[in-house]
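A closer look at the structure
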Amino acid sequence: MDFHTPSSFEDASKLAAEATGLTRFLAGGTDVLVQMRSGTVLPDNLIDLKHIPGAQDITRTPDGGWRIGIAVSGARLGDHAELVADWPGVVEGMELVGSTQVQGRATLVGNLCNGSPAADSVPGLVAAQASVEITGLTGVRTVPVEDIPAGPGKTTLQPGDVISGILLPPRGENGGDAYQRFTPRTEMDIAVAGCAISLRVDGDTITEARVAVGAVAPTVRLVPDAADALIGSTLDDAAIDALVVAVRAACNPIDDKRGTAEFRTDVAGVLAKRVAQIAYGRAKGEAQ
Amino acid sequence: MSKIHVTTVVNGDEVEFLADPRETLLDCLRDHLGLTGSKEGCGTGDCGACSVTVDGVLISSCLMLGVEAQGKKIETIEGMANGEELHPLQRKFIEHAALQCGFCTPGILVAAKALLEKNPDPTETEVRYWLAGNLCRCTGYDKIIRAVMDAASEMRGAA
Ligand SMILES: Cc1cc2nc3c(=O)[nH]c(=O)nc-3n(C[C@H](O)[C@H](O)[C@H](O)COP(=O)(O)OP(=O)(O)OC[C@H]3O[C@@H](n4cnc5c(N)ncnc54)[C@H](O)[C@@H]3O)c2cc1C
Ligand code: FES
Ligand code: FES
(Lines give C-alpha, C1' and ligand atoms only; values in the text may rest on other atoms or scores of the structure.)
(Ligands and ions follow the chains in the order given, each with its own letter.)
Protein backbone atom coordinates (compact mmCIF):
# COMPACT_ATOMS: atom_id res chain seq x y z
CA MET A 1 0.00 0.00 0.00
CA ASP A 2 1.23 3.47 -0.90
CA PHE A 3 0.53 6.30 1.49
CA HIS A 4 0.12 9.78 0.01
CA THR A 5 -0.09 13.15 1.72
CA PRO A 6 -1.04 15.67 -0.96
CA SER A 7 -0.97 19.35 -0.07
CA SER A 8 -3.90 20.43 -2.25
CA PHE A 9 -7.28 18.99 -3.23
CA GLU A 10 -6.30 19.28 -6.90
CA ASP A 11 -3.31 17.02 -6.22
CA ALA A 12 -5.51 14.64 -4.20
CA SER A 13 -7.98 14.47 -7.08
CA LYS A 14 -5.22 13.82 -9.63
CA LEU A 15 -3.62 11.17 -7.42
CA ALA A 16 -6.94 9.37 -7.04
CA ALA A 17 -7.71 9.53 -10.74
CA GLU A 18 -4.29 8.27 -11.83
CA ALA A 19 -3.83 5.61 -9.14
CA THR A 20 -4.15 1.98 -10.11
CA GLY A 21 -5.83 -0.55 -7.88
CA LEU A 22 -8.04 0.26 -4.94
CA THR A 23 -7.85 3.81 -3.61
CA ARG A 24 -9.30 5.36 -0.48
CA PHE A 25 -9.14 8.84 0.96
CA LEU A 26 -8.22 9.05 4.61
CA ALA A 27 -9.98 11.57 6.84
CA GLY A 28 -10.39 10.32 10.43
CA GLY A 29 -9.88 6.71 9.35
CA THR A 30 -12.53 5.34 11.72
CA ASP A 31 -14.24 3.54 8.85
CA VAL A 32 -11.20 2.96 6.62
CA LEU A 33 -9.02 1.40 9.32
CA VAL A 34 -11.82 -0.90 10.49
CA GLN A 35 -12.35 -2.04 6.90
CA MET A 36 -8.61 -2.61 6.42
CA ARG A 37 -8.49 -4.58 9.64
CA SER A 38 -11.42 -6.81 8.70
CA GLY A 39 -10.00 -7.25 5.22
CA THR A 40 -13.14 -5.99 3.47
CA VAL A 41 -11.22 -3.08 1.94
CA LEU A 42 -7.47 -3.43 1.37
CA PRO A 43 -6.43 -0.24 -0.42
CA ASP A 44 -3.41 -0.11 -2.71
CA ASN A 45 -3.38 3.65 -2.23
CA LEU A 46 -4.35 5.65 0.78
CA ILE A 47 -4.56 9.42 0.31
CA ASP A 48 -4.39 11.29 3.60
CA LEU A 49 -6.22 14.62 3.23
CA LYS A 50 -5.44 16.02 6.66
CA HIS A 51 -2.39 18.05 5.59
CA ILE A 52 -4.23 20.10 2.99
CA PRO A 53 -4.47 23.75 4.09
CA GLY A 54 -7.95 24.53 5.43
CA ALA A 55 -8.83 20.90 6.07
CA GLN A 56 -8.84 21.48 9.84
CA ASP A 57 -10.68 24.83 9.83
CA ILE A 58 -14.20 25.92 10.74
CA THR A 59 -14.87 29.35 9.21
CA ARG A 60 -17.80 31.74 8.73
CA THR A 61 -18.59 32.28 5.08
CA PRO A 62 -19.24 35.85 3.82
CA ASP A 63 -23.01 35.14 3.63
CA GLY A 64 -23.11 34.18 7.34
CA GLY A 65 -23.03 30.43 6.80
CA TRP A 66 -20.23 28.03 7.68
CA ARG A 67 -17.47 26.20 5.88
CA ILE A 68 -16.31 23.09 7.72
CA GLY A 69 -12.96 21.58 6.75
CA ILE A 70 -13.03 17.94 5.73
CA ALA A 71 -10.72 16.84 8.55
CA VAL A 72 -12.58 18.54 11.42
CA SER A 73 -13.35 15.87 14.02
CA GLY A 74 -16.63 15.44 15.88
CA ALA A 75 -14.91 16.58 19.08
CA ARG A 76 -13.79 19.86 17.47
CA LEU A 77 -17.25 20.44 16.02
CA GLY A 78 -18.79 20.01 19.48
CA ASP A 79 -16.27 22.43 21.00
CA HIS A 80 -17.21 25.22 18.56
CA ALA A 81 -19.77 27.22 20.56
CA GLU A 82 -20.87 29.51 17.71
CA LEU A 83 -21.44 26.67 15.30
CA VAL A 84 -23.32 24.71 17.95
CA ALA A 85 -25.52 27.75 18.59
CA ASP A 86 -26.38 28.01 14.88
CA TRP A 87 -26.77 24.33 14.00
CA PRO A 88 -27.25 22.24 17.17
CA GLY A 89 -28.95 19.45 15.24
CA VAL A 90 -26.05 19.03 12.81
CA VAL A 91 -23.57 18.90 15.68
CA GLU A 92 -25.62 16.53 17.86
CA GLY A 93 -25.85 14.10 14.94
CA MET A 94 -22.08 14.02 14.59
CA GLU A 95 -21.56 13.79 18.35
CA LEU A 96 -23.58 10.56 18.44
CA VAL A 97 -20.95 8.90 16.25
CA GLY A 98 -19.00 6.37 18.33
CA SER A 99 -17.16 6.86 21.60
CA THR A 100 -15.08 9.76 22.91
CA GLN A 101 -12.10 8.08 21.22
CA VAL A 102 -13.91 7.84 17.87
CA GLN A 103 -15.03 11.47 18.26
CA GLY A 104 -11.37 12.48 18.42
CA ARG A 105 -10.95 11.36 14.80
CA ALA A 106 -14.25 10.86 12.97
CA THR A 107 -15.39 13.50 10.46
CA LEU A 108 -18.64 14.57 8.81
CA VAL A 109 -17.23 13.93 5.34
CA GLY A 110 -16.09 10.42 6.25
CA ASN A 111 -19.51 9.67 7.72
CA LEU A 112 -21.14 10.88 4.49
CA CYS A 113 -18.74 9.17 2.06
CA ASN A 114 -18.74 5.85 3.87
CA GLY A 115 -22.31 5.66 2.59
CA SER A 116 -23.99 3.97 5.53
CA PRO A 117 -27.78 4.39 5.46
CA ALA A 118 -27.51 4.75 9.25
CA ALA A 119 -24.80 7.46 9.22
CA ASP A 120 -25.78 9.65 12.16
CA SER A 121 -24.54 13.01 10.91
CA VAL A 122 -26.11 12.84 7.46
CA PRO A 123 -29.82 13.44 8.25
CA GLY A 124 -28.87 16.63 10.13
CA LEU A 125 -26.79 17.88 7.19
CA VAL A 126 -29.60 17.11 4.75
CA ALA A 127 -32.23 18.84 6.92
CA ALA A 128 -29.91 21.85 7.26
CA GLN A 129 -29.64 22.04 3.45
CA ALA A 130 -25.89 21.62 3.65
CA SER A 131 -23.86 21.10 0.51
CA VAL A 132 -20.44 19.76 -0.25
CA GLU A 133 -17.78 21.35 -2.39
CA ILE A 134 -16.26 18.72 -4.67
CA THR A 135 -12.88 19.11 -6.34
CA GLY A 136 -12.81 16.89 -9.41
CA LEU A 137 -10.82 16.53 -12.61
CA THR A 138 -12.94 19.15 -14.37
CA GLY A 139 -12.87 21.70 -11.57
CA VAL A 140 -14.80 22.57 -8.45
CA ARG A 141 -18.57 22.16 -8.05
CA THR A 142 -21.06 22.34 -5.21
CA VAL A 143 -23.62 19.58 -4.65
CA PRO A 144 -26.43 19.17 -2.07
CA VAL A 145 -25.53 16.59 0.60
CA GLU A 146 -28.62 14.49 -0.22
CA ASP A 147 -27.26 13.87 -3.73
CA ILE A 148 -24.10 12.12 -2.45
CA PRO A 149 -25.38 8.79 -0.99
CA ALA A 150 -26.31 6.31 -3.72
CA GLY A 151 -27.00 3.17 -1.67
CA PRO A 152 -25.39 1.24 1.16
CA GLY A 153 -21.63 1.85 0.87
CA LYS A 154 -22.07 3.76 -2.41
CA THR A 155 -21.84 7.43 -3.36
CA THR A 156 -22.37 9.40 -6.54
CA LEU A 157 -18.76 10.65 -6.42
CA GLN A 158 -16.84 9.96 -9.64
CA PRO A 159 -13.22 8.83 -9.98
CA GLY A 160 -11.03 11.78 -9.08
CA ASP A 161 -13.77 13.47 -7.05
CA VAL A 162 -12.70 14.55 -3.59
CA ILE A 163 -14.87 16.53 -1.19
CA SER A 164 -12.98 19.71 -0.31
CA GLY A 165 -15.39 21.31 2.17
CA ILE A 166 -18.82 21.15 3.77
CA LEU A 167 -20.99 24.25 3.47
CA LEU A 168 -23.80 25.12 5.86
CA PRO A 169 -26.17 27.92 4.90
CA PRO A 170 -26.66 30.94 7.19
CA ARG A 171 -28.94 29.94 10.05
CA GLY A 172 -30.86 33.23 9.95
CA GLU A 173 -33.48 34.33 12.46
CA ASN A 174 -35.93 32.07 14.27
CA GLY A 175 -34.50 28.81 13.02
CA GLY A 176 -33.92 25.55 14.87
CA ASP A 177 -32.80 22.03 14.08
CA ALA A 178 -32.46 18.72 15.90
CA TYR A 179 -31.56 15.06 15.38
CA GLN A 180 -32.40 11.94 17.33
CA ARG A 181 -31.82 8.28 16.68
CA PHE A 182 -32.99 5.08 18.29
CA THR A 183 -30.40 2.49 19.31
CA PRO A 184 -30.85 -0.59 21.50
CA ARG A 185 -27.90 0.56 23.64
CA THR A 186 -27.48 4.15 24.80
CA GLU A 187 -23.96 4.49 23.40
CA MET A 188 -21.73 2.76 20.87
CA ASP A 189 -24.49 1.42 18.67
CA ILE A 190 -25.77 1.87 15.13
CA ALA A 191 -29.04 3.71 14.51
CA VAL A 192 -32.12 1.56 13.96
CA ALA A 193 -33.93 4.71 12.87
CA GLY A 194 -33.02 8.40 12.91
CA CYS A 195 -34.70 11.68 12.08
CA ALA A 196 -33.50 15.25 11.66
CA ILE A 197 -35.65 18.34 11.21
CA SER A 198 -34.69 21.93 10.52
CA LEU A 199 -37.38 24.58 10.56
CA ARG A 200 -38.06 28.29 10.83
CA VAL A 201 -40.94 30.03 12.60
CA ASP A 202 -42.69 33.36 12.30
CA GLY A 203 -44.27 33.80 15.72
CA ASP A 204 -45.84 30.39 16.35
CA THR A 205 -46.20 29.42 12.71
CA ILE A 206 -43.70 27.22 10.90
CA THR A 207 -42.70 28.93 7.66
CA GLU A 208 -39.95 26.61 6.42
CA ALA A 209 -39.09 23.00 7.19
CA ARG A 210 -36.88 20.17 5.98
CA VAL A 211 -37.23 16.64 7.30
CA ALA A 212 -34.69 13.85 6.74
CA VAL A 213 -34.70 10.24 7.92
CA GLY A 214 -31.86 7.78 8.40
CA ALA A 215 -31.53 3.99 8.70
CA VAL A 216 -34.99 3.37 7.25
CA ALA A 217 -34.10 3.22 3.53
CA PRO A 218 -31.04 2.35 1.41
CA THR A 219 -29.88 5.95 1.81
CA VAL A 220 -30.63 8.85 4.11
CA ARG A 221 -33.75 10.44 2.66
CA LEU A 222 -35.20 13.92 2.45
CA VAL A 223 -38.98 13.72 2.97
CA PRO A 224 -40.70 16.72 1.34
CA ASP A 225 -44.21 15.47 2.27
CA ALA A 226 -43.22 15.51 5.92
CA ALA A 227 -41.96 19.08 5.60
CA ASP A 228 -45.25 20.07 3.92
CA ALA A 229 -47.12 18.65 6.92
CA LEU A 230 -45.28 21.12 9.16
CA ILE A 231 -45.22 24.26 7.03
CA GLY A 232 -48.05 26.65 7.85
CA SER A 233 -48.84 24.88 11.13
CA THR A 234 -48.19 25.80 14.76
CA LEU A 235 -47.04 22.21 15.39
CA ASP A 236 -50.54 21.35 16.58
CA ASP A 237 -51.68 17.74 16.95
CA ALA A 238 -53.02 17.56 13.39
CA ALA A 239 -49.67 18.70 11.97
CA ILE A 240 -47.79 16.20 14.10
CA ASP A 241 -50.11 13.39 13.01
CA ALA A 242 -49.59 14.34 9.36
CA LEU A 243 -45.82 14.52 9.92
CA VAL A 244 -45.75 11.06 11.44
CA VAL A 245 -47.82 9.59 8.59
CA ALA A 246 -45.58 11.21 5.96
CA VAL A 247 -42.36 10.04 7.64
CA ARG A 248 -43.62 6.46 7.96
CA ALA A 249 -44.73 6.49 4.33
CA ALA A 250 -41.15 7.39 3.30
CA CYS A 251 -39.66 4.42 5.17
CA ASN A 252 -38.49 1.38 3.26
CA PRO A 253 -36.23 -0.29 5.82
CA ILE A 254 -34.55 -3.65 6.10
CA ASP A 255 -35.42 -6.29 8.66
CA ASP A 256 -32.43 -7.28 10.73
CA LYS A 257 -31.37 -8.39 14.17
CA ARG A 258 -31.45 -4.83 15.50
CA GLY A 259 -34.96 -4.04 14.34
CA THR A 260 -37.73 -5.35 12.11
CA ALA A 261 -38.93 -3.22 9.22
CA GLU A 262 -42.20 -2.65 11.05
CA PHE A 263 -40.43 -1.51 14.22
CA ARG A 264 -38.05 0.81 12.33
CA THR A 265 -40.97 2.43 10.51
CA ASP A 266 -42.90 2.91 13.71
CA VAL A 267 -39.92 4.37 15.58
CA ALA A 268 -39.11 6.77 12.73
CA GLY A 269 -42.53 8.34 13.26
CA VAL A 270 -42.03 8.62 17.01
CA LEU A 271 -38.62 10.23 16.51
CA ALA A 272 -40.03 12.68 13.95
CA LYS A 273 -42.55 13.90 16.49
CA ARG A 274 -39.95 14.37 19.23
CA VAL A 275 -37.43 15.99 16.92
CA ALA A 276 -40.05 18.40 15.53
CA GLN A 277 -40.86 19.50 19.08
CA ILE A 278 -37.18 20.08 19.92
CA ALA A 279 -36.46 21.96 16.67
CA TYR A 280 -39.61 24.05 17.17
CA GLY A 281 -38.56 24.94 20.72
CA ARG A 282 -35.08 25.88 19.53
CA ALA A 283 -36.50 28.01 16.70
CA LYS A 284 -38.60 29.89 19.24
CA GLY A 285 -35.56 30.47 21.41
CA GLU A 286 -36.68 28.19 24.22
CA ALA A 287 -33.71 26.54 25.89
CA GLN A 288 -33.35 22.88 24.84
CA MET B 1 6.36 -1.77 -0.36
CA SER B 2 8.52 0.88 1.19
CA LYS B 3 8.56 1.64 4.87
CA ILE B 4 8.15 5.20 6.01
CA HIS B 5 10.40 6.93 8.50
CA VAL B 6 8.35 8.52 11.29
CA THR B 7 9.57 10.99 13.90
CA THR B 8 7.25 11.72 16.78
CA VAL B 9 7.26 12.64 20.46
CA VAL B 10 6.03 9.96 22.86
CA ASN B 11 5.62 10.86 26.54
CA GLY B 12 7.96 13.80 26.04
CA ASP B 13 10.76 11.90 24.29
CA GLU B 14 11.49 12.26 20.61
CA VAL B 15 11.43 8.83 19.00
CA GLU B 16 11.68 7.48 15.48
CA PHE B 17 10.63 4.27 13.80
CA LEU B 18 10.17 2.73 10.38
CA ALA B 19 6.53 1.94 9.72
CA ASP B 20 4.83 -0.13 7.12
CA PRO B 21 2.05 2.30 6.12
CA ARG B 22 -0.58 -0.32 6.99
CA GLU B 23 0.55 -0.58 10.59
CA THR B 24 -1.58 1.16 13.18
CA LEU B 25 -0.17 3.53 15.76
CA LEU B 26 -0.92 0.78 18.29
CA ASP B 27 1.23 -1.69 16.30
CA CYS B 28 4.03 0.87 16.16
CA LEU B 29 3.88 1.69 19.87
CA ARG B 30 3.92 -1.97 20.84
CA ASP B 31 6.13 -3.54 18.21
CA HIS B 32 8.57 -0.77 17.24
CA LEU B 33 8.81 1.21 20.46
CA GLY B 34 8.29 -1.58 22.98
CA LEU B 35 5.51 0.35 24.72
CA THR B 36 3.18 -2.55 25.44
CA GLY B 37 1.02 -0.77 28.02
CA SER B 38 -1.56 0.11 25.36
CA LYS B 39 -3.53 -3.07 24.69
CA GLU B 40 -5.32 -4.42 21.67
CA GLY B 41 -8.73 -5.65 22.75
CA CYS B 42 -10.50 -5.46 19.41
CA GLY B 43 -8.46 -3.59 16.80
CA THR B 44 -11.66 -1.96 15.52
CA GLY B 45 -12.32 1.00 17.79
CA ASP B 46 -14.87 -0.73 20.00
CA CYS B 47 -13.09 -1.39 23.30
CA GLY B 48 -10.82 1.55 24.15
CA ALA B 49 -7.99 -0.66 25.49
CA CYS B 50 -5.60 1.08 23.07
CA SER B 51 -6.52 4.64 24.17
CA VAL B 52 -3.78 7.27 23.89
CA THR B 53 -3.81 11.02 23.37
CA VAL B 54 -2.45 12.64 20.23
CA ASP B 55 -1.82 16.38 20.54
CA GLY B 56 -4.01 16.22 23.63
CA VAL B 57 -6.96 14.51 21.95
CA LEU B 58 -8.15 11.13 23.20
CA ILE B 59 -8.18 8.54 20.42
CA SER B 60 -8.03 4.79 19.86
CA SER B 61 -4.51 4.05 18.63
CA CYS B 62 -5.85 1.08 16.65
CA LEU B 63 -7.80 3.57 14.51
CA MET B 64 -4.80 5.68 13.52
CA LEU B 65 -1.92 4.68 11.30
CA GLY B 66 1.61 4.86 12.64
CA VAL B 67 2.62 7.05 9.69
CA GLU B 68 -0.02 9.59 10.76
CA ALA B 69 1.95 10.13 13.98
CA GLN B 70 4.64 12.12 12.13
CA GLY B 71 5.27 15.35 14.05
CA LYS B 72 2.62 14.66 16.71
CA LYS B 73 2.81 14.54 20.50
CA ILE B 74 1.61 11.24 21.88
CA GLU B 75 0.89 10.35 25.50
CA THR B 76 0.48 6.74 26.56
CA ILE B 77 -0.07 4.96 29.86
CA GLU B 78 3.71 4.66 30.23
CA GLY B 79 3.89 8.44 30.70
CA MET B 80 1.25 8.62 33.40
CA ALA B 81 3.19 7.98 36.59
CA ASN B 82 5.89 10.43 37.55
CA GLY B 83 8.77 8.00 38.07
CA GLU B 84 7.78 5.87 41.07
CA GLU B 85 4.99 8.24 42.00
CA LEU B 86 1.63 7.05 40.72
CA HIS B 87 -0.91 9.44 39.23
CA PRO B 88 -3.91 9.96 41.58
CA LEU B 89 -6.08 7.99 39.13
CA GLN B 90 -3.68 5.05 39.28
CA ARG B 91 -3.63 5.16 43.08
CA LYS B 92 -7.41 5.37 43.31
CA PHE B 93 -7.82 2.43 40.92
CA ILE B 94 -5.74 0.33 43.31
CA GLU B 95 -7.53 1.63 46.43
CA HIS B 96 -10.99 0.98 44.96
CA ALA B 97 -9.95 -2.34 43.40
CA ALA B 98 -11.17 -0.94 40.09
CA LEU B 99 -9.48 -3.69 38.12
CA GLN B 100 -9.36 -7.46 37.99
CA CYS B 101 -7.50 -8.81 34.97
CA GLY B 102 -6.25 -5.29 34.20
CA PHE B 103 -6.43 -5.55 30.43
CA CYS B 104 -8.77 -2.57 30.10
CA THR B 105 -7.03 -0.54 32.80
CA PRO B 106 -4.36 1.36 30.81
CA GLY B 107 -6.95 2.54 28.30
CA ILE B 108 -9.40 3.55 31.00
CA LEU B 109 -6.73 5.45 32.93
CA VAL B 110 -5.63 7.35 29.83
CA ALA B 111 -9.25 8.12 28.95
CA ALA B 112 -10.14 9.20 32.49
CA LYS B 113 -7.07 11.46 32.65
CA ALA B 114 -8.15 13.13 29.41
CA LEU B 115 -11.61 13.70 30.90
CA LEU B 116 -10.31 15.27 34.10
CA GLU B 117 -8.03 17.61 32.13
CA LYS B 118 -11.07 18.86 30.21
CA ASN B 119 -13.55 18.71 33.07
CA PRO B 120 -12.06 18.50 36.59
CA ASP B 121 -15.50 18.19 38.21
CA PRO B 122 -17.54 15.73 36.15
CA THR B 123 -20.85 14.24 37.27
CA GLU B 124 -21.13 10.47 37.46
CA THR B 125 -23.23 10.57 34.28
CA GLU B 126 -20.52 12.54 32.48
CA VAL B 127 -17.89 10.00 33.56
CA ARG B 128 -20.05 7.12 32.37
CA TYR B 129 -20.67 8.71 28.96
CA TRP B 130 -17.03 9.71 28.50
CA LEU B 131 -15.92 6.15 29.26
CA ALA B 132 -18.67 4.46 27.24
CA GLY B 133 -16.08 3.41 24.66
CA ASN B 134 -13.91 1.66 27.24
CA LEU B 135 -15.11 -1.87 27.76
CA CYS B 136 -14.33 -3.95 30.83
CA ARG B 137 -15.26 -7.61 31.04
CA CYS B 138 -14.43 -8.00 34.73
CA THR B 139 -15.39 -5.23 37.10
CA GLY B 140 -18.96 -4.33 36.22
CA TYR B 141 -17.75 -0.70 35.90
CA ASP B 142 -19.00 0.48 39.27
CA LYS B 143 -15.64 0.52 41.00
CA ILE B 144 -14.06 2.18 37.96
CA ILE B 145 -16.57 5.02 38.11
CA ARG B 146 -16.08 5.40 41.88
CA ALA B 147 -12.30 5.45 41.49
CA VAL B 148 -12.50 8.17 38.82
CA MET B 149 -14.90 10.28 40.92
CA ASP B 150 -12.66 9.91 43.97
CA ALA B 151 -9.50 10.79 42.03
CA ALA B 152 -11.24 13.84 40.55
CA SER B 153 -12.23 14.98 44.01
CA GLU B 154 -8.70 14.50 45.36
CA MET B 155 -7.17 16.32 42.40
CA ARG B 156 -9.54 19.26 42.86
CA GLY B 157 -8.59 19.40 46.52
CA ALA B 158 -4.90 19.36 45.70
CA ALA B 159 -5.17 22.09 43.07
C1 LIG C 1 -16.34 2.07 17.41
C2 LIG C 1 -17.01 2.81 16.30
C3 LIG C 1 -18.29 3.32 16.50
C4 LIG C 1 -18.94 4.01 15.49
N5 LIG C 1 -20.19 4.51 15.74
C6 LIG C 1 -20.85 5.18 14.76
C7 LIG C 1 -22.15 5.71 15.02
O8 LIG C 1 -22.68 5.64 16.12
N9 LIG C 1 -22.79 6.36 13.99
C10 LIG C 1 -22.21 6.50 12.77
O11 LIG C 1 -22.83 7.12 11.89
N12 LIG C 1 -20.98 6.01 12.50
C13 LIG C 1 -20.29 5.34 13.46
N14 LIG C 1 -19.04 4.83 13.20
C15 LIG C 1 -18.47 4.94 11.85
C16 LIG C 1 -17.48 6.09 11.62
O17 LIG C 1 -16.87 6.49 12.83
C18 LIG C 1 -18.13 7.30 10.97
O19 LIG C 1 -18.72 6.92 9.76
C20 LIG C 1 -17.14 8.45 10.76
O21 LIG C 1 -17.83 9.66 10.66
C22 LIG C 1 -16.24 8.27 9.55
O23 LIG C 1 -15.41 9.41 9.42
P24 LIG C 1 -13.84 9.26 9.20
O25 LIG C 1 -13.32 10.66 9.05
O26 LIG C 1 -13.24 8.45 10.24
O27 LIG C 1 -13.83 8.53 7.79
P28 LIG C 1 -12.69 7.71 7.06
O29 LIG C 1 -12.61 6.35 7.60
O30 LIG C 1 -11.43 8.51 6.97
O31 LIG C 1 -13.32 7.66 5.58
C32 LIG C 1 -14.57 7.03 5.34
C33 LIG C 1 -14.85 7.00 3.84
O34 LIG C 1 -14.98 8.30 3.31
C35 LIG C 1 -14.09 8.51 2.22
N36 LIG C 1 -13.65 9.90 2.32
C37 LIG C 1 -13.08 10.48 3.41
N38 LIG C 1 -12.84 11.79 3.16
C39 LIG C 1 -13.27 12.02 1.89
C40 LIG C 1 -13.29 13.21 1.07
N41 LIG C 1 -12.85 14.39 1.51
N42 LIG C 1 -13.79 13.09 -0.20
C43 LIG C 1 -14.27 11.89 -0.64
N44 LIG C 1 -14.29 10.77 0.10
C45 LIG C 1 -13.78 10.82 1.35
C46 LIG C 1 -12.99 7.50 2.42
O47 LIG C 1 -12.36 7.16 1.19
C48 LIG C 1 -13.74 6.34 3.02
O49 LIG C 1 -14.33 5.56 2.02
C50 LIG C 1 -18.33 4.16 14.22
C51 LIG C 1 -17.04 3.66 14.01
C52 LIG C 1 -16.37 3.00 15.04
C53 LIG C 1 -15.00 2.48 14.80
S1 FES D 1 -8.04 -2.15 20.44
FE2 FES D 1 -8.40 -0.13 19.84
S3 FES D 1 -10.41 0.20 20.53
FE4 FES D 1 -10.14 -1.91 20.92
S1 FES E 1 -10.32 -5.55 34.57
FE2 FES E 1 -10.48 -7.16 33.14
S3 FES E 1 -11.27 -6.14 31.39
FE4 FES E 1 -11.38 -4.63 32.89
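This structure is a prediction, so every number in the text was calculated from the model and none was measured.

What follows is about the interface of chain B and chain A. The interface is formed by 30 residues belonging to chain B together with 24 residues belonging to chain A. Around 2,100 Å² of area is buried between chain B and chain A when both sides are counted, 62% of it from carbon and sulfur atoms. For the interface between chain B and chain A, the tally reads 4 salt bridges. For the salt bridge of K118(B) with D79(A), the shortest nitrogen-to-oxygen distance reads 3.1 Å. Contributing elements (two or more residues each) for the side of chain B that touches chain A: strand 4 (57-60), helix 3 (105-118) and helix 4 (124-130) of chain B. Counting residues per element, the side of chain B that touches chain A draws most heavily on strand 4 of chain B, at 4 residues.

Bringing the domain arrangement of chain B into the picture now. Residue and element names in this part refer to chain B. When its domains are assigned, chain B resolves into domain 1 (4-79) and domain 2 (88-158). In this structure, domain 1 and domain 2 have C-alpha centres spaced 21 Å apart. Taken together, the contact between domain 1 and domain 2 spans 14 residues of the former and 12 residues of the latter. Buried surface at the junction of domain 1 and domain 2, both sides included, amounts to about 1,000 Å², of which 69% is carbon and sulfur. Ranking the residues of domain 1 by area buried against domain 2 places K39, L58 and I77 at the top, with a combined share of 43%. Seen at the junction of domain 1 and domain 2, the total is 0 salt bridges. In this structure, the connection of domain 1 to domain 2 is made through 3 residue pairs in polar contact (both at pLDDT 80 or more). Take the side of domain 1 that touches domain 2: its biggest share by element is 3 residues, from strand 3 (residues 51-54). A class-by-class count of the residues in the side of domain 1 that touches domain 2 yields 5 nonpolar, 6 polar and 3 charged.

This part covers the environment of T7(B). Residues and elements named next belong to chain B. Checked against the element boundaries, T7 lands in strand 1 (residues 4-10). Between the alpha carbons of T7 and K72 there is a distance of 8.3 Å; along the sequence they are 65 residues apart. Sequence-distant contacts of T7, defined by excluding residues within four places in its chain, comprise E14, V15, E16, A69, Q70 and G71.

Turning our attention to helix 5 (residues 142-158) of chain B. Residues and elements named next belong to chain B. An ideal rise of 1.5 Å per residue puts 24 Å on 17 residues; helix 5 measures up with 24 Å between its terminal C-alpha atoms. Looking at helix 5, one finds that the buried residues are I144, I145, A147, V148, A151 and A152. Along the axis of helix 5, the buried positions cluster into a sector of 160°, meaning they face one direction only. Where helix 5 is buried, its residues meet helix 2 (88-95), helix 3 and helix 4.

Further remarks concern the layout of surface pockets. Looking at the second largest pocket, its volume works out to about 780 Å³. Elements supplying a minimum of two residues to the lining of the second largest pocket: helix 3 (74-78), helix 5 (88-95) and helix 6 (100-103) of chain A together with strand 4, helix 3 and helix 4 of chain B. If you count residues domain by domain, the lining of the second largest pocket takes at least three from each of domain 1 (4-79) and domain 2 (88-158) of chain B.

What follows is about the state of the cysteines. Residues and elements named next belong to chain B. Inspection of every chain in the model, using the stated rule, returns 0 disulfides over all chains. Looking at C28, it has no disulfide partner, and the nearest cysteine sulfur is the one in C62, 13 Å off. Since its relative accessible area comes to 1%, C28 is described here as buried.

Cut-offs and rules
Residues numbered from 1 in each chain as written. Chains lettered and ligands numbered in written order. Predicted model: local features only at pLDDT ≥ 70, side-chain atom pairs only at ≥ 80, totals over all residues. Heavy atoms only, no water. Contact = heavy atoms within 4.5 Å. Buried area = accessible area lost by both parts, 1.4 Å probe. Salt bridge = Lys/Arg side-chain N within 4 Å of Asp/Glu carboxyl O. Helix = DSSP H or I, 4+ residues; strand = E, 2+ residues; numbered from the N terminus. Domains from an automatic or database assignment. Polar contact = N/O pair within 3.5 Å; in protein donor to acceptor, adjacent residues only side chain to side chain. Nonpolar A, V, L, I, M, F, W, Y, C, P; charged D, E, K, R; others polar. Expected span 1.5 Å × (residues − 1). Buried < 20%, exposed > 50% of the residue type's maximum accessible area, 1.4 Å probe, protein only. Arc of directions from axis to C-beta. 1 Å grid on protein atoms, 1.4 Å probe; cavity = no way out; pocket = protein on both sides within 12 Å on 5 of 7 lines; lining within 4 Å. Points joined across faces, edges and corners; volume = space filled by probe spheres on them. Disulfide = S-S within 2.5 Å.

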